[in-house]
Amino acid sequence: MLLIFAGVWIYFNSLKPVYTGDLQLENIKNETSVYFDDFGIPHIYAQTQEDALTALGYVHAQDRLFQMELIRRIAPARLSEIFGKDMLKTDQFFAKLGIDEASKKTIEKLDKNSETYKLSTAYLSGINQFLENGPTPIEYTLIGINKEKFTLNDMYNILGYMSFSFAMAQKTDPLLSVIQQKLGEDYSKELNIDSIPNSTFIKNSKSTPESLENIVTQATEVLETLPIPSFIGSNSWVVSPNKTATGKVLFANDPHIGFSQPSVWYEAHIVTPNYEMYGYHIAGIAFPLLGHNRNYAYGLTMFENDDIDFYQEENNPSNNNQYKTEKGYSDYTITSKTIKVKDEDDVTVEIKSTNHGPLMNNTIDGITQTDPIAMSWIYTKINGNALEALYTISRATKMADVKKGVSMIHAPGLNIMYGDAAGNIAWWAAGKLYKLKSNANRKYILNGASGQDDIEEYLDFNENPMAENPDWNYVYSANNQPDTIANILYPGYYLPKDRAKRIVQLLEPKNNWTKETMGQMINDNTSSVSSEIVKEFATILDYNAFTKNEQRAIDILQLWDGSNTTDNVAPTIYNKWIYLYLKNTFEDELGEKLFTQLNTTHVMKHLIAEQIKKENSIWWDNVNTKNIKESRKEILTTSFTQAINFLEKQLGTNIMHWNWGKVHTLEHPHPIGTISYLKKYFNVGPFPINGSREVINNNMFDYNNTGLYNVTAGPSTRRIIDFSDIENSISILPTGQSGNPFSKHFKDQAEMFNKGEFRKMKMNKEEIIATSTKLTILPKNE
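Described below are features of the structure shown in this document. Fair warning: this is a prediction, and the values are worked out from it, not measured in the lab.

## Describing the overall build of the chain
Helix and strand content of the chain: 24 helices and 31 strands. The C-alpha radius of gyration computed for the chain amounts to 27 Å, which stays within 12% of the reference 28 Å derived for 782 residues, consistent with globular compactness. Taking the principal axes of its C-alpha atoms as reference, the chain extends roughly 85 × 70 × 70 Å. Out of the 782 residues belonging to the chain, those deemed buried represent 63%. For the chain, restricting intrachain contacts to residue pairs at least 6 apart in sequence, the fraction spanning at least 24 positions comes to 72%. Entry remark: accessible area of the chain is about 29,900 Å², with carbon and sulfur atoms responsible for 49%. When the 75 positive and 93 negative side-chain charges of the chain are each reduced to one mean point, those points stand 2 Å apart.

## As for a negative patch on the surface
A cluster of acidic residues, Glu456, Glu457, Asp460 and Glu463, forms a negative patch at the surface. Counting through the fold element by element, Glu463 comes out in the loop between β21 (455-458) and β22 (466-468).

## Quick look at the pattern of salt bridges
Pairing between side chains becomes possible if they bear opposite charge and their charged atoms approach one another. All told, the structure shown has 30 salt bridges when counted by the stated rule. Linking Glu81 and Arg73 is a salt bridge whose minimum nitrogen-to-oxygen distance equals 3.7 Å. Classification of Glu81 as partly exposed rests on a relative accessible area of 24%.

## Section: the sheet that holds strand β16 (residues 373-377)
Strand order in the open sheet made by the 3 strands is β16-β10-β20, with mixed pairing throughout. Of all the strands in the sheet, the pair left with one neighbour each is β16 and β20 (446-447). For strand β10 (residues 308-312) and β16, the ladder comprises 5 bridges, and the chain directions are antiparallel. The residue of β16 that forms the bridge with Asp309 is Ser376.

## A word on the nonpolar core
Counting residues in hydrophobic clusters, the biggest one holds 145 residues, and the most contacted among them are Leu65, Phe94, Leu97, Trp265, Ile282, Ile285 and Trp377. By residue number, the principal contributor to this core is helix α2 (residues 49-74), which donates 13 residues. In terms of nonpolar packing, the next biggest core, distinct from the first, is built from 56 residues, Leu176, Leu590, Phe701 and Tyr703 among them.

## A look at a nonpolar patch on the surface
Judged by side-chain polarity, Met1, Ile4, Val8, Tyr11 and Phe12 come together as a nonpolar surface patch covering roughly 530 Å² of accessible area. Residue position: Phe12 is located in helix α1 (residues 2-14). Here Phe12 falls in the partly exposed class, since its relative accessible area comes to 33%.

Conventions used here
Residues numbered from 1 in each chain as written. Predicted model: local features only at pLDDT ≥ 70, side-chain atom pairs only at ≥ 80, totals over all residues. Heavy atoms only, no water. Helix = DSSP H or I, 4+ residues; strand = E, 2+ residues; numbered from the N terminus. Rg over C-alpha atoms; globule rule 2.2 N^0.38 Å. Buried < 20%, exposed > 50% of the residue type's maximum accessible area, 1.4 Å probe, protein only. Contact = heavy atoms within 4.5 Å. Areas by Shrake-Rupley, 256 points an atom, 1.4 Å probe, with all protein chains shown as cover. Lys, Arg positive; Asp, Glu negative; His and termini not counted. Charge placed at Lys NZ, Arg CZ, Asp CG, Glu CD. Patch = residues over 30% accessible without salt bridge, like charges linked within 9 Å, V, L, I, M, F, W, Y side chains within 5 Å. Salt bridge = Lys/Arg side-chain N within 4 Å of Asp/Glu carboxyl O. Pairing = 2+ DSSP bridges. Core = buried A, V, L, I, M, F, W, Y, C linked by side-chain atoms within 4.5 Å.

Here it is as structure tokens:
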């Protein structure tokens, strides 16, 4: 038994990341020092950027190799190869998107002599040297993954998956079309989809709504089952010297991404004689998506522009391998892709594409090609330049360089936020925007056969939304609708005004911002909109018609300041009531399936505040009650009574025990954590957590019948850059720097994150050396 115990201990110990000692690597020209600070952040000091990137690839891999493995497999449809048939539908879906093919085309055109190429291959060299010579991560052993070298194609595929995960249209456009077709214009126009009065909607066959419903189901299931989190939303604001106590720029950013273990970002600080950057890296990507140095800082939020359109195509009645265009019938482009499935036979996917893009409804069991629907995605329509863009942004010497890098991003739609030591602040919307020939509403399925709904014009980057050193002395983004672009409100799935309104509410009156007060703001849990909704309800309800306990609940809501802390009772009452109000308003017309799907979209988030103001909405009537027409007051009152009855059964009759922290919890899921007996070793949490949907501390959840609000996404980091004291800028990760469960940095930031605390992003070399362990990387002897 002692020998077995010793053997297990030695094995597990051998899997830990190496943070000290000497190491020899190929492609290293000079001795390179890597200092791992007290939170495991590597500070890489090298003589050349190529040496630094080789070292970065190695240390990134020793902490995050399994994460790299999973994320590189999504776009080329290779998850079934390691997880089996449960991931087959996901692979079939991604096989059709064409990300892998787009990556290969981009790589063919790369300049092999460019710095982007050289530094990317140096980073890949570091990853592959760990892959070959480092310990095999335990996840590889448990799942049975064969090691394969990482390539530049993997890097571009990762960027492609990231671009797709930002989009909302893939599960919203078909859904809105189903609602419009099933219920008619009177219902759909009240969803405030910016329906254009002169739009002409396609006349579809009776089977089309079913086809569309299945596309929605497929897209939703694919995103829910992915072992890597999706990019969802974000906050960022940058304050000019005129509004800070120090007279220097303050920069804040917290991108909102699905929670996972490990968390998304890998921090690394690189210093060479001609370059310094403290960056946040995605697994497998050489250049940071977020970063700062002594001269400037940049970050991102999601633009939420609509860069995916769906087209209903029309088959040739006498030849199903042709589709109708404005010039006659054309042949479908037909290709195939073989998906390897663990412990099963290979599966071949046929991919039929039109001039708009791949057909998305033939991977669903039982759905025919009689109503072919093609997906047009800007990412695969234009040659990608994202890696060069990230290189340009992260190697800038002036604001114009960052702007140039932003202009090179065609997808996904991003808001790039900027601030610098010279006092400049800015934001630019990245993404290739376009206009259609017609005035068709792009939030519905478009007509593919006529050619009238095709893209007419790509807009120049100068027409994108942007602000540089505005008179109001701050820039911000909370995924909300930008002003007009090229004289139009650009289509998108923008989020409601809640966070944006709160950010402006806090920024506008204050002119003495500090790092500390900005730290409080980025953890703000107060909704500026929920209290307005409660006030609206109070003008409608008949207080005396409620029971004593229901009246107590109303009193609590009316005294509520909108704060969502774990000890607060009001959020528990509010969110159960909101869910039931939405359910009782929309589910009777939509049915359970469509209501659940709509509930996961940004559209429903808008409707919470908008619908309650409509006294005579067609949606208030319950179509299942004959000869009775329900009113707004009846639906809201019934919903509130149901909410209190539910909470009494769930949490007891004493309202003061209905604390938000009992029902609003966060657990960071690891892909291995789906195995019940391994869950406690790989997952982190659960924890009661502050925040809620659409507050600045945006801890997101989906509404359902359970009365539990399991947080699935939120701040992937909180960063505050202070140009008056750059070496003491602060940040936090949701769990820890390492994805290795045997590392002491696997979850050493989790409690701090939950409490809204920060740690330094160290840049002072003396301080770094004093608080770090040292790994010395030497050129490998031939």
